[in-house]
Amino acid sequence: MTSPAPAEQPVKKIVIASDHAGYRYKRRIIEHLTKAGFQVEDIGTDSTESVDYPDFVFPAAKAVAEGKFDRGIVIGGSGNGEAIAANRIKGVRCAVCWNEKSARLGRMHNNANMISIGERMVSMHDVYEIIDIWLKTPFEGGRHVARIEKLDQ
C-alpha cells in the first residue's frame, strides 16, 4: 500500500542564492518571482566577481531545511555544484533542472524543495518555464513517499 502525498501548503516565501556565474539570471528571476507575488529573499552574491558557491548555497539550504522559506532556488554556471552543496543539508531535496520535464519530475517524484539552475546551460526563457512549473507542480506521493523518507533518515 502506498502513502498519499502530504497536504501541501501554498508556496509564498522563496530564498534565492547564486555564485558569480549565476548572478545575472538571479536578478531576473527575482524580478519574475516578485511580479508573480512571491516574497523573495536574496542572500547573495551581489556581483559577477568570483566567489565560492558554498558560502551562499549553504545558508539558503539551511533556511529551507529550517522552514524559514517554503522553497529555494540556487544558480551557478552549471548548477551542479550548487545542487551538491544544497543536498548536503538534511531535509533539502535540490534537483538540478535543465528543462520543464526535469522540473516537473523533481517535484512529482522527489518533492524537490529546492532547484538548481545553470546559467551557462539554460536559456532565460526556459528558466522562467522551469521555475513556474516547479512552483505549480504538486508532489505525487504514493510510492515516492517511502523513498523520500529514506533520504531524510
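Everything numeric in this text was worked out from a predicted model, so none of it was measured.

> What's the story with the pairing of strand E3 (residues 71-76) in this structure? I'm lost.
Two faces, one strand: in a regular strand the side chains alternate between the faces of the sheet. Of all the 6 residues making up E3, 6 are buried; the element is thus mostly covered by neighbouring parts of the structure. Here E3 shows a buried face lined by Arg71, Ile73 and Ile75 and a second buried face lined by Gly72, Val74 and Gly76. Where strand E1 (residues 13-18) and E3 come together, 5 bridges link them in parallel fashion. Bridge pairing links Ile14 to Arg71 in E3. As defined by bridge partners, E3 adjoins strand E5 (residues 114-118) across 5 bridges and the pair is classed as parallel. Residue pairing in the sheet places Val74 in a bridge with Ser116 of E5.

> Please clarify how the nonpolar core should be interpreted in this entry.
Nonpolar side chains in soluble globular proteins tend to end up buried together. Judged by nonpolar contacts, the single largest core of 24 residues is most densely connected at Ile29, Leu33, Ile73, Ile115, Val127, Ile131 and Leu135. Broken down by secondary-structure element, the contributors of at least two residues to this core are E1, helix H1 (23-35), E3, E5 and helix H5 (124-136). For this core, the element with the most residues is H5, which contributes 7 residues. Setting aside residues no more than four positions away along its own chain, Ile29 makes contact with Ile16, Ile73, Ile75, Met124, Val127 and Ile131.

> Mind showing me how you'd approach the packing of H1 against H5 here?
When two helices pack together, their arrangement is given by the angle between the helix axes and by the axis-to-axis distance. Running from N to C, H1 and H5 cross one another at 50 degrees; their axes reach a closest spacing of 11 Å. With respect to each other, H1 and H5 are oriented oblique. For H1 against H5, the interelement crossing comes out right-handed. In contact with Tyr25, Arg28, Ile29, His32 and Leu33 of H1, H5 contributes Met124, Val127, Tyr128, Ile131, Asp132 and Leu135.

> What's the story with the side chain of Asp19 in this structure? I'm lost.
In this fold, Asp19 is placed in the loop between E1 and H1. The side chain of Asp19 is buried and forms no salt bridge, while Arg120, the nearest opposite charge, is found at 6.8 Å. Once residues within four sequence positions are removed from consideration, Asp19 is found in contact with Thr45, Val51, Tyr53, Ile75, Gly76, Gly77 and Glu82.

> Please explain the pattern of salt bridges as it appears in this structure.
Once their charged atoms are close, side chains differing in charge can pair, the charge on each being opposite to the other. What the rule picks out here adds up to 5 salt bridges. The closest approach of N and O atoms between Asp42 and Lys26, which form a salt bridge, is 2.8 Å. Of this pair, Asp42 sits in strand E2 (residues 39-42) while Lys26 sits in helix H1; the two residues are 16 residues apart in sequence, bridging distant segments of the chain. Classification of Lys26 by relative accessible area gives buried; the value is 0%. Residue Arg93 pairs with Asp152 through a salt bridge whose shortest N-O separation is 3.6 Å. On the criterion of sequence distance, the pair formed by Arg93 in the loop between helix H3 (80-86) and strand E4 (94-96) and Asp152 in the segment after helix H6 (143-151) is long-range, its members being 59 residues apart. Exposure remark for Arg93: the relative accessible area of 13% places this residue in the buried category.

Rules behind the numbers
- Counting of residues starts from 1 at the beginning of each chain's written sequence and follows it residue by residue.
- It should be noted that, the model being predicted, local features are given only for residues of pLDDT at least 70 and side-chain atom pairs only at 80 or more, the latter also being counted only at that level, while totals for whole chains, interfaces and linings use all residues.
- The basis for every side-chain value is the complete set of non-hydrogen atoms in the structure, without hydrogens or water.
- Accessibility here uses a 1.4 Å probe with only protein chains present; expressed as a share of the type maximum, an area under 20% marks a residue as buried, one over 50% as exposed, and anything in between as partly exposed.
- Think of it this way: any DSSP run of H or I at least four residues long counts as a helix, any run of E at least two long counts as a strand, and we number them from the N terminus.
- Two strands pair under a simple rule: DSSP has to find at least two bridges between them.
- Definition used in this section: a nonpolar core is a set of buried Ala, Val, Leu, Ile, Met, Phe, Trp, Tyr and Cys residues joined via side-chain atoms within 4.5 Å.
- Every residue pair with non-hydrogen atoms within 4.5 Å of one another is taken to be in contact.
- Each axis is a line fitted through C-alpha atoms, taken for helices only over the stretch in contact, and angles between the N-to-C directions span 0 to 180 degrees.
- Should an angle fall under 35 degrees it is taken as roughly parallel, and over 145 as roughly antiparallel, whereas 65 to 115 is taken as roughly perpendicular and any remaining angle as oblique.
- Helix crossings are classified by the rotation of the near helix relative to the far one: an anticlockwise turn of less than a right angle makes the crossing left-handed, while a clockwise turn makes it right-handed.
- Two residue types count as positive, namely Lys and Arg, and two as negative, namely Asp and Glu; His and chain ends fall outside the count.
- The salt bridge criterion pairs a side-chain nitrogen of Lys or Arg with a carboxyl oxygen of Asp or Glu, the two atoms within 4 Å.

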